[in-house]
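Residues per chain, in single letters:
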Amino acid sequence: MTTPTETNTEKMLRAELARIANQAPRSHEVRAALVRAEQTRRRPRSLTLAAVAAAVVLVILAVPVVLNMADEDGAAVAAPPASSAACCRALEHDATWLPDGFTERRREASPDGDFQLRQWVALDSIDPVPHAAPKIVLETHSPDEPPWSGMPDKIAEAADRFTVDGRAGSIDIASDQGAQLTWITESGGIARLKLTDVDDARATSLRVAHSVRPDPNARTGSPIGFGSLPEGIVESKVESFGDSPERSWSTLTAEEVAEPHMIAVRVELTPATAPRPGPVAQPPVYARGGYVERQIEGLGLLTVSALGSLTHDQVVAIAEGITVDPGVDRSWIGRP
Amino acid sequence: MTDTGKGETPMPPRFDDFLTDRLDGLLRYATALTGDPHLAQDIVQDVLLRAQQRWHRIESPPTYVRRMVTNEYLSWRRRKSVRSTVPSSLEVLDALSPPVADESDRYDDRDAMRRRLVALPRKQRAAVVLRYYENYSDTEIAELLDCRESTVRSQIARALSTLREAEATVTAEPSGAQR
């Protein structure tokens with residue numbers, strides 16, 4: 001909401017705060033902690049909720065399916081088989097219509113596929129400072145976990161509703177520049193669409209929602225994956241994002257199996273930039289201030305941060321065990 | 001569509017509904033406030049755990065929770081000392097990097113702005129986040145920070161003075177292709 005009288009400093013400040021806010025963590029971990037707290041207080045419910053919490057960390061291997069997709073030149077190429085590997089988790093839905101100017105910038109998925117996210121961003125060619133870059137986010141959630149399990153009832157009770165191919169949805173928020181829609185997908189999952197700083201948001205969000213179709217080809221596209229993890233730690237999420245295949249990031253997160261499921265390890269692959277001070281290549285793994293870093297030839301710098309009680313040796317072992325596949329398809333980053 | 005917590009949508013009657021509607025916005029606000037996604041998560045989680053226990057007694061949850069998050073940030077002293085493996089907020093944000101495209105010649109300007117933002121005294125930073133991220137008025141900021149409006153104006157003026165050195169000209173960038 002830049003005003004005409006604002007100085008350039010104020011405009012830059014708005015832009016920077018928006019960028020920082022964009023780095024906000026996902027809400028799953030907070031939700032999980034709150035569910036656990038509620039569980040502790042309400043003993044009769046504890047068994048049910050514990051079962052739900054345990055289900056979150058189960059890794060369900062998807063059946064590999066080889067599918068075709070078109071490459072940049074339109075030639076048919078084999079899509080990587082969907083699996084629970086960080087490179088190849090399926091993003092099962094796609095928005096087949098978006099307003100002009102949007103390109104895909106982010107994909108996320110949990111190992112079991114219960115949570116998937118795709119994000120498209122458009123840069124404003126008029127505003128010199130893209131502090132309010134319009135964003136469209138499509139999430140899908142398993143209907144088996146709270147709060148999403150309660151979403152069908154909530155949709156049915158909503159005052160502002162719509163339908164997608166006969167399936168019910170709710171318009172949760174709709175203003176000039178923002179909208180949030182929730183509906184039930186053809187496979188029974190819960191889809192949520194969020195538009196931020198998009199003109200005519202209500203009508204646009206409805207059009208995007210109606211264009212959402214199953215996508216058999218999209219994959220997370222992370223070039224890194226966990227190798228073996230210490231006992232009691234499991235992967236929780238992979239993220240790939242950037243503005244081009246050459247300028248892209250990947251992160252892996254693992255959490256403790258034991259309650260309260262604290263994040264144990266975060267791995268970040270940042271694109272190659274200027275050389276960092278200190279020993280880098282020999283040996284390829286070194287520790288500094290609790291971090292373990294590893295240069296990945298042609299891809300960038302891998303940083304492994306232990307947020308829990310892991311020992312230095314365990315963190316080094318995790319860093320050494322990270323699998324790397326530079327050939328993973330990241331051509332979707334920055335594409336319409 | 002920043003979640004301002006000022007009643008854009010009807011207040012959810014249940015805690016779960018509040019989380020569904022507001023949690024993402026709260027985490028974004030806390031991240032803008034702290035400059036550190038990890039710390040933001042800690043603060044929001046702590047605040048909601050406490051709010052959850054007395055939810056039925058909270059009159060206006062969006063306002064109440066936002067005030068608690070802000071107060072928690074202003075008084076935060078402990079968590080980072082035990083997180084020896086978590087870098088400073090600036091390093092965290094640099095490492096995560098923004099997912100939007102920018103021309104390379106903007107980085108210096110942005111970097112300077114971010115460094116000065118991180119270095120602001122907490123109350124000044126809270127005031128500028130409420131003004132320039134949440135679009136609060138002086139009156140609303142004064143109420144939330146429990147101070148006079150004149151103090152709010154003074155805090156923001158001092159913060160802007162500190163940040164002014166980061167001012168630079170940036171250029172437009174073309175939008176992407178049609179899908």
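Residues numbered from 1 in each chain as written. Chains lettered and ligands numbered in written order. Predicted model: local features only at pLDDT ≥ 70, side-chain atom pairs only at ≥ 80, totals over all residues. Heavy atoms only, no water.

1. Observations concerning the overall build of chain B
For step 1, the next point in the chain: Of regular secondary structure, chain B possesses nine helices and zero strands.
For step 2, the next point in the chain: Burial analysis of chain B (179 residues in total) assigns 55% to the buried set.
For step 3, the next point in the chain: Pairs at least 24 residues apart make up 66% of the contacts formed inside chain B by residues separated by at least 6 positions.
For step 4, the next point in the chain: Put simply, chain B shows about 8000 Å² of open surface, and 47% of that area lies on carbon and sulfur atoms. (Helix = DSSP H or I, 4+ residues; strand = E, 2+ residues; numbered from the N terminus. Buried < 20%, exposed > 50% of the residue type's maximum accessible area, 1.4 Å probe, protein only. Contact = heavy atoms within 4.5 Å. Areas by Shrake-Rupley, 256 points an atom, 1.4 Å probe, with all protein chains shown as cover.)

2. Remarks on the packing of aromatic side chains
For step 1, the next point in the chain: Scanning the model with the defined rule gives four aromatic pairs over all chains in all.
For step 2, the next point in the chain: When the ring of A:Phe162 is compared with that of A:Trp183, the centres are 6.2 Å apart and the planes differ by 70°; the resulting orientation is edge-to-face. Here the residue A:Phe162 occupies a position in strand 7 (residues 161-164), and A:Trp183 occupies one in strand 9 (residues 178-184), the gap between them amounting to 21 residues.
For step 3, the next point in the chain: What makes A:Trp183 buried here is its relative accessible area of 2%.
For step 4, the next point in the chain: Among the aromatic residues, ring-to-ring pairing joins B:Phe15, B:Phe18 and B:Trp55 into one connected group.
For step 5, the next point in the chain: Lying across the ring of A:Phe241, A:Arg106 places its NZ or CZ 4.2 Å from the centre.
For step 6, the next point in the chain: The ring of B:Tyr73 has B:Arg122 sitting right over it, with the charged end atom 5.6 Å from the ring centre. (Phe/Tyr/Trp six-rings, centres within 6.5 Å; stacked < 30°, edge-to-face > 60°. Lys NZ or Arg CZ within 6 Å of the ring centre and 35° of its normal.)

3. Digging into the pattern of salt bridges
Residues and elements named next belong to chain A.
For step 1, the next point in the chain: Enumeration according to the criterion identifies 24 salt bridges over all chains in this entry.
For step 2, the next point in the chain: Of the charged contacts, one joins Glu104 and Arg107 as a salt bridge, the two residues approaching to 2.8 Å between their closest N and O atoms.
For step 3, the next point in the chain: Judged by relative accessible area, which is 5%, Arg107 ranks as buried.
For step 4, the next point in the chain: Across the pair Glu239 and Arg106 runs a salt bridge whose closest N-O atoms are separated by 2.9 Å. Here Arg106 lies in strand 4 (residues 103-109) and Glu239 lies in strand 13 (residues 233-242), a separation of 133 residues in the sequence.
For step 5, the next point in the chain: The class for Glu239 is buried, based on a relative accessible area of 12%.
For step 6, the next point in the chain: Looking at Arg106, the relative accessible area reads 9%, which means it is buried. (Salt bridge = Lys/Arg side-chain N within 4 Å of Asp/Glu carboxyl O.)

4. Quick word on the state of the cysteines
All names here are of chain A.
For step 1, the next point in the chain: By the definition in use, this model includes one disulfide over all chains.
For step 2, the next point in the chain: Covalently, Cys87 is tied to Cys88 through a disulfide, its sulfur atoms 2.4 Å apart. Given an S-S torsion of about -95°, the disulfide between Cys87 and Cys88 has left-handed geometry. An identical accessibility class is assigned to Cys87 and Cys88; each is buried. (Disulfide = S-S within 2.5 Å.)

5. Here's the deal with unusual backbone geometry
Residues and elements named next belong to chain A.
For step 1, the next point in the chain: Phi angles above zero are rare outside glycine, and Asp165 is one such case at about 50°.
For step 2, the next point in the chain: Note on placement: Asp165 falls in the loop between strand 7 and strand 8 (167-174).
For step 3, the next point in the chain: Under the relative-accessibility criterion, Asp165 is labelled exposed at 64%.
For step 4, the next point in the chain: A positive phi is found at Asp200, a non-glycine position, where the angle reads about 50°.

Don't take any of this as a statement about function, it's just geometry.
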